[in-house]
Amino acid sequence: MGWLQDESILVTGGGSGLGLALVERFLQEGAQVSVLERVPEKVDALRQRFGDAVLAVQGDVTVYADNQRAVAAAVERFGKLDGFVGNAAIWDHGSSLLQLAPEALAQGFDELFAVNLKGYLLGAKAAAPALLESRGNMIFTLSNSAFYPGGGGPLYTASKHAAVGLIRQLAYELAPKVRVNGVGPCGMASDLRGPVSLGQGDLRIMDSRSPEAIASILPLQFFPQAADFTGPYVLLASRANNQVLSGVMIQADAGLGIRGIRHVAGGLEL
Ligand SMILES: NC(=O)c1ccc[n+]([C@@H]2O[C@H](COP(=O)([O-])OP(=O)(O)OC[C@H]3O[C@@H](n4cnc5c(N)ncnc54)[C@H](O)[C@@H]3O)[C@@H](O)[C@H]2O)c1
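As the structure is a computational prediction, the values presented were derived from the model and not from experiment.

A. Molecular detail of the environment of glycine 79. Assignment of secondary structure puts glycine 79 in the loop between α3 (64–78) and β4 (83–86). Judged by its relative accessible area of 60%, glycine 79 falls in the exposed class. As a C-alpha pair, glycine 79 and proline 224 span 145 residues in sequence and 35 Å in three-dimensional space.

Given below as structure tokens:
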């Protein structure tokens, strides 16, 4: 028996990267898993790989009707919804205020915030009635960029900071019936792309970052895999392990926040 036995959980952006690792881990923990994913090839790959074990719905998190369709399909297939994981997002590849032309800044904002923030809000809106009924929970994927600058440009960093406010407000509004929490991972290899309006639609995160560069700034001094981040989600989604956490953000960033002024590892200066 896993920690999420028979819990019905919907993950947005479950077609690759962290979302896919969450699908795998939730299945291992006994959950019934649904996915809302924009890219048709990723939806097909989920269906081929998992068959009936995963309900894969093609759609866009920026469209309310798609979120609603995914929630309705999950409830129809599994009889209920216990967890909603808002996870689909895009990055800005660190594009800075000074680099971006004014039109690109405005268009990039609209495109990135539509996915990273409006997508979370619309997903929460669509999932809320079913979660109120099941006394379930929501979890939103944040980032080190929800807490610190430099992990992206102003668009991405502001979108993840905004998601912190969304989590706090929804935790407040939906208590006592629904717990709302967040997980903030650090850098990992994934299919994370950028806004089409910034010309970054085909640019992946590892095209502009290296594993060594990411590992070198983390006190725990390793380059995490997507699967390494799934534990906090299991904790937050588990009724047995989480009766008391709401409005909590787990910084799953290999110690980034305790980096300090000098680089030390195991008590020794590097
Ligand atoms: N990769 C990193 O270094 C990193 C670091 C910190 C936080 N994160 C966060 O992790 C989460 C997952 O990203 P990832 O790194 O696994 O990237 P990813 O691109 O591999 O996964 C995101 C998935 O969301 C899907 N998606 C994008 N836009 C969508 C839309 N409008 N509607 C539906 N689906 C959509 C993508 O097709 C993709 O399958 C994001 O919230 C991201 O901000 C990633």
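That covers the picture; the talk isn't over yet.
B. Representation of the site of the ligand. Around the ligand sit 30 residues in total, of which Ser16, Glu37, Asn87, Tyr156 and Ser190 are the nearest. Within the side chain of aspartate 60, a nitrogen or oxygen atom sits 2.8 Å from a nitrogen atom of the ligand. Serine 190 has a polar side-chain atom sitting 2.6 Å from an oxygen atom of the ligand. Computed on the free molecule, the ligand has an accessible area of 820 Å², of which 97% lies beneath the protein chains in the complex. Of all the secondary structure elements, the ones that give two or more residues to the shell around the ligand are α1 (17–28), α4 (102–134) and α5 (154–174). Each residue belonging to the shell around the ligand can be placed in one class, and the counts come to 14 nonpolar, 10 polar and 6 charged.

C. Focus on the sheet that holds strand β6 (residues 179–185). The parallel open sheet is built from 7 strands, whose spatial order is β3-β2-β1-β4-β5-β6-β7. Both edges of this open sheet fall to β3 (54–58) and β7 (249–252), since each of them pairs with a single strand only. The sheet shows a mean angle of 15° between the axes of neighbouring strands, direction not considered. One ladder, built from 5 bridges, connects strand β2 (residues 32–37) with β3; its direction is parallel. Counterpart to glutamate 37 in the pairing with β3 is glutamine 58. Sheet strands touched by helix α8 (residues 230–237): β1 (8–12), β4, β5 (137–141), β6 and β7. Its angle to β6, the strand with the most contacts, is close to 175°.

D. Focus on α5. The terminal C-alpha atoms of α5, which comprises 21 residues, lie 30 Å apart, in line with the 30 Å expected from a rise of 1.5 Å per residue. For α5, the full list of buried residues reads Leu155, Tyr156, Thr157, Ser159, Lys160, Ala163, Val164, Leu166, Ile167, Leu170, Ala171 and Leu174. Tucked into the core, α5 has its buried residues touching α4, β5, β6 and β7.

E. Quick peek at the side chain of asparagine 87. Along the polypeptide, asparagine 87 turns up in the loop between β4 and α4. The exposure class assigned to asparagine 87 is buried, which follows from its relative accessible area of 9%. If we skip the residues at most four places from it in the chain, asparagine 87 touches Val11, Thr12, Gly13, Leu18, Gly19, Tyr120 and Thr141.

F. Highlighting the packing of α1 against α8. One can describe the packing of α1 onto α8 by two numbers: an axis separation of 10 Å at closest approach and a directional angle of 55°. Classified by the interaxial angle, the pair formed by α1 and α8 is oblique. In the packing of α1 onto α8, the handedness of the crossing is right-handed. In this structure, α1 uses Leu18, Ala21, Leu22, Arg25 and Phe26 to contact α8, whose residues at the interface are Thr230, Gly231, Tyr233 and Val234. For the contact of α1 with α8, the per-class residue count stands at 6 nonpolar, 2 polar and 1 charged.

Cut-offs applied
- Residues numbered from 1 in each chain as written.
- Predicted model: local features only at pLDDT ≥ 70, side-chain atom pairs only at ≥ 80, totals over all residues.
- Heavy atoms only, no water.
- Helix = DSSP H or I, 4+ residues; strand = E, 2+ residues; numbered from the N terminus.
- Buried < 20%, exposed > 50% of the residue type's maximum accessible area, 1.4 Å probe, protein only.
- Near = heavy atom within 4 Å.
- Polar contact = N/O pair within 3.5 Å; in protein donor to acceptor, adjacent residues only side chain to side chain.
- Areas by Shrake-Rupley, 256 points an atom, 1.4 Å probe, with all protein chains shown as cover.
- Nonpolar A, V, L, I, M, F, W, Y, C, P; charged D, E, K, R; others polar.
- Pairing = 2+ DSSP bridges.
- Axes fitted to C-alpha atoms, helices over the stretch in contact; angles between N-to-C directions.
- Contact = heavy atoms within 4.5 Å.
- Expected span 1.5 Å × (residues − 1).
- Parallel < 35°, antiparallel > 145°, perpendicular 65-115°, else oblique.
- Left-handed = near helix turned anticlockwise from the far one by under 90°.

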